[in-house]
Amino acid sequence: MAKSISIEANELLECFQWDEENYDREHVIEELADVIVYCQDMLDVLELDVDQIVNDKMEMNEKKYPVEDAKGNAKKYAEF
């Protein structure tokens, strides 16, 4: 499933390959839906809750990149 997510994400990326401002919105929606469907399938197979894993990741990011250190800064977290 991870392979399929990557393949579909690349098809989504192709929508913007030559022009990031003038794209076919309907095609973008179609490809984005494909990515979401495969992600949801993988969540189901792994018995994961999307809200929980996203919230966990956001908490990790907040610790790794504190706003007072990271805002407006392109340094990696290890360089703070």
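Read on for a plain summary of the structure. (Residues numbered from 1 in each chain as written. Predicted model: local features only at pLDDT ≥ 70, side-chain atom pairs only at ≥ 80, totals over all residues. Heavy atoms only, no water.)

It is at 9 Å that the axes of helix H1 (residues 2-14) and helix H2 (residues 25-46) come closest, and there the two elements cross at 165 degrees. Here H1 is positioned roughly antiparallel relative to H2, judged by the angle of their axes. Seen along the crossing, H1 lies across H2 with a hand that is left-handed. Of the residues in H2, those touching H1 at Ala2, Ser4, Ile5, Glu8, Ala9, Glu11 and Leu12 are Val28, Glu31, Leu32, Asp34, Val35, Tyr38, Cys39 and Met42. Taken together, the residues that form the contact of H1 with H2 break down as ten nonpolar, one polar and four charged. (Axes fitted to C-alpha atoms, helices over the stretch in contact; angles between N-to-C directions. Helix = DSSP H or I, 4+ residues; strand = E, 2+ residues; numbered from the N terminus. Parallel < 35°, antiparallel > 145°, perpendicular 65-115°, else oblique. Left-handed = near helix turned anticlockwise from the far one by under 90°. Contact = heavy atoms within 4.5 Å. Nonpolar A, V, L, I, M, F, W, Y, C, P; charged D, E, K, R; others polar.)

Positive phi, normally seen in glycine, also occurs at Glu47, with a value near 55 degrees. Following the sequence through the fold, Glu47 ends up in the loop between H2 and helix H3 (50-64). Take Glu47: its relative accessible area is 71%, and that puts it in the exposed class. (Buried < 20%, exposed > 50% of the residue type's maximum accessible area, 1.4 Å probe, protein only.)

Another point: a nonpolar patch on the surface. Together, Met1, Val45, Leu46, Leu48, Val50, Ile53, Val54 and Met58 make up a nonpolar patch on the protein surface, roughly 680 Å² of accessible area in all. Among the elements that line the nonpolar patch, the one with the most residues is H3, at four residues. Assignment of secondary structure puts Val45 in helix H2. (Patch = residues over 30% accessible without salt bridge, like charges linked within 9 Å, V, L, I, M, F, W, Y side chains within 5 Å. Areas by Shrake-Rupley, 256 points an atom, 1.4 Å probe, with all protein chains shown as cover. Salt bridge = Lys/Arg side-chain N within 4 Å of Asp/Glu carboxyl O.)

Attention shifts here to H3. Over its 15 residues, H3 runs 21 Å from end to end, which matches the ideal 21 Å to within 8%, given 1.5 Å per residue. The N-cap of H3, judged by a side-chain oxygen 3.2 Å from the amide nitrogen of Asp51 a few residues on, is Asp49. (Expected span 1.5 Å × (residues − 1). Polar contact = N/O pair within 3.5 Å; in protein donor to acceptor, adjacent residues only side chain to side chain.)

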